[in-house]
Amino acid sequence: MTTNMAGNKIKRILALAAVLCVICLTGCAYKATGSDVSDTAVQGGTDNQKAGFGLDVHFIDVGQGDSALIEANGHFMLIDAGEKDQTGTVIDYLKAQGVKKLDYVIGTHPHSDHIGGLEGVIREFDVTNVMLPEKEHTTRIYEKLLDAIADKNLKVTIPKAAESYSLGDASFQIISPNRDYGDNLNNWSIGIRLEYGKTSFVLCGDAEKEAEQDMLLSGLPLKADVLKVSHHGSSTSSSPEFIKAVSPRYAVISCGKNNDYGHPHKETMDLLNKQGIKVLRTDQLGTIVIESDGTGLRIPGQSTEQNTDQMGSSLDAQNQAKETDTSREYIINTNTGKFHLPDCKLAKSIKEENRKLYKGTREELINEGFEPCKSCNP
Ligand SMILES: [Zn+2]
Ligand SMILES: [Zn+2]
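Chains are numbered independently. Their residues run from 1 in the order of the written sequence. Ligands are numbered from 1 and chains lettered from A, in the order in which they are written. Predicted model: local features are reported for residues with pLDDT of at least 70 only, side-chain atom pairs are reported and counted for 80 or more only, and whole-chain, interface and lining totals are derived from all residues. Side-chain descriptors were evaluated using all non-hydrogen atoms of the structure, hydrogens and water having been removed beforehand.

## Description of helix 7 (residues 209-218)
For an α-helix the count is 3.6 residues per turn, leaving residues at separations of three or four pointing the same way. What counts here: Think of it in three bands: residues with accessible area under 20% of the maximum for their type are buried, residues over 50% are exposed, and the middle band is partly exposed, with areas taken using a 1.4 Å probe on protein chains only. Secondary structure follows DSSP: runs of H or I at least 4 residues long count as helices, runs of E at least 2 residues long count as strands, and numbering of each begins at the N terminus. By arc we mean the arc of the directions from the helix axis to the C-beta atoms, nothing more. Residues count as neighbours in contact if any of their non-hydrogen atoms are within 4.5 Å of one another.
By the burial criterion, the buried members of helix 7 are Ala211, Glu212, Asp214 and Met215. Seen along its axis, helix 7 keeps its buried residues to an arc of 160°; they face one direction. Those residues of helix 7 that are buried are in contact with strand 8 (170-176) and helix 8 (240-246). Following helix 7 by one or two positions, glycine 219 has its phi on the positive side, about 80°.

Below is the structure:
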C-alpha cells in the first residue's frame, strides 16, 4: 500500500517534470532560433521588444565613474549614474533606449562618481524602487538625492545580502554588503549577481578587498560570465581569490581617459591578463553593451554571430575599430618624423629638443606626414 502510494507519487512527479522539461525546451529553442538581432535595435530605437536576446547590459561611458543600465524584456534597472555633470549623458542614453520607467534604481554607495547623476535621473523618469546601502553621507550631492527621492514619494529599500529580486525574466541576488564597514564607503557598495538563463553578471560598485573577502565567506554564488571590475580597476579591489571565484570571461572596467587615479591599476590589469580574461574598458571603447539570450553572450558591432566562440574575435574587431579612431597620446620625433607610443623604448631616447607630445589619432599624424615607428607600431 505504502509502496503503491509512493509509486504513484513518483509517477506524478515524473509526469510534472516531463511537462516542465517540454516547456523549458520549447522556451529555449524559441530563443535560440530567434537570434537574428540587428545592431540598430540595440544602438538606438525605442522598440524594447527585441527578438531573441532578452537581456542587455549597458556600461554607459560616464568618464571617471560608474553607470550601468540593465534591460530584461522591456524592464529596466539603473545602477549608478556617474558624477553630477554626467546627468544629461545618462538621461539622454536612457531615453534613446526607450526608458520611461525604471523598475529599480541602485545607488551602490554615496560617492559622487556613482550617485552624482541619480538625482536628475530620479526626477526625470518613473521609478518603482530605489536601493541604497545603509551608510549615509553628509555631502550636498547625497542630500539632494534624498530630496529627489522624497519629492517623488519614493521609499528607499536597503537590500540585504542573499535577497533575490526579479527584473523581467532575469533575476538578481544581493551579494554585498555583508556587514558594517564603518567609514569605508566603498566597502558599503551594494553588489549584485545578475542571472539570465545560463548567463550571469557580477557588479559590486567600488567594493574593496575586505568586502570581497566577506562575499567569499558568505557562500553565495559568485561565478559569472562578466565582472564589472570593482572601483574602476583600482588595486584596492580585485583580490586574486575574488577574481578566481567569479572567473569571468569578460571584465568591464568603467573609468575615465587619463584619470587622476591611474585607474585601472597595473596590478589589476596584470591579474586579469594572467587569468586570460578579456578586458573591456569604457575609456577605450566608450559605452559597452553586452547582450545575453540566456545561453550565450554577444557584443553588438561588426558580427551578428551569436556563437559565443565567435565573440572574442568580434570584440577584437570592436576594440581595433574603436582604438584606431580614438585619440590618445603619441610622442613625435621632430627630427626623424617618426611617431611612437609613450612607452616605446625608442621614444624615451629622443633628445628633449626633438621630442613633442601629440594628443590625437594615428590617422591625423599620418595625414600630417609622420611615420609610425616600426618598433612600437603605434
Ligand atoms: Zn567609491
Ligand atoms: Zn567610484
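Having seen it, we continue.
## Remarks on the environment of glutamate 353
Structurally, glutamate 353 can be placed in the loop between helix 12 (345-348) and strand 18 (355-360). Overall, the relative accessible area of 62% leaves glutamate 353 in the exposed class. Sequence separation between glutamate 353 and asparagine 335 is 18 residues; the distance between their C-alpha atoms is 9.1 Å.

## Observations concerning helix 6 (residues 140-151)
Counted only if it meets this: A helix's residues, less one, multiplied by 1.5 Å, set its expected span.
With twelve residues, helix 6 extends 16 Å between its outermost C-alpha atoms, agreeing within 8% with the 16 Å of an ideal straight helix rising 1.5 Å per residue. Buried within helix 6 we find Tyr142, Leu145, Ala148 and Ile149. One side of helix 6 holds all its buried residues, which, seen down the axis, span an arc of 120°. Facing away from the buried side of helix 6, by more than 90 degrees, are the exposed residues Arg140 and Asp151. Where the residues of helix 6 are buried, they touch helix 4 (112-115), helix 5 (118-124), strand 5 (126-131) and strand 6 (156-157). Of the residues flanking the end of helix 6, it is asparagine 153, one or two places downstream, whose phi is positive at about 55°.

## Things to note about the coordination of the zinc ion (ligand 2)
Put simply, the ideal angle at a metal is 109.5 degrees for four donors in tetrahedral geometry and 90 or 180 degrees for six donors in octahedral geometry. The criterion, for reference: Distances decide who is a donor: an N, O or S atom must be within 2.8 Å of the metal, or within 3.2 Å for Na, K and Ca. Water is not included, so sites may look incomplete. Key to geometry: four donors with every angle between 85 and 135 degrees are tetrahedral; four donors are square planar and six octahedral where opposite donors lie over 155 degrees apart and all remaining angles lie between 65 and 115; all other sites are irregular.
Protein-derived coordination of the zinc ion (ligand 2) comes from Asp113 (OD), His114 (NE2), Asp206 (OD) and His232 (NE2), at a distance range of 2.1 to 2.2 Å. What the four donor atoms of the zinc ion (ligand 2) show is an angle range of 84 to 150° at the metal, which sorts the shape as irregular. The sequence pattern describing where the donors of the zinc ion (ligand 2) fall on their chain is D-H-x91-D-x25-H. Between the zinc ion (ligand 2) and the zinc ion (ligand 1), the interatomic distance is 3.6 Å, and aspartate 206 donates to each metal, bridging them. A residue pair is termed long-range when its members are at least 10 positions apart, and aspartate 113 in helix 4 and aspartate 206 in the loop between strand 10 (199-203) and helix 7 qualify at 93 residues.

## Some remarks on the pattern of salt bridges
To be explicit about the condition: We define a salt bridge as a side-chain nitrogen of Lys or Arg found within 4 Å of a carboxyl oxygen belonging to Asp or Glu.
Inspection of every chain in the model, using the stated rule, returns 13 salt bridges. Here lysine 84 makes a salt bridge to glutamate 119, at a shortest N to O gap of 2.9 Å. Residue lysine 84 is located in the loop between strand 3 (75-79) and helix 3 (87-96), and its partner glutamate 119 is located in helix 5; the two are separated by 35 residues in the primary sequence. What makes lysine 84 partly exposed here is its relative accessible area of 37%. Aspartate 103 serves as the salt-bridge partner of lysine 101, at 4.0 Å between the closest nitrogen and oxygen.

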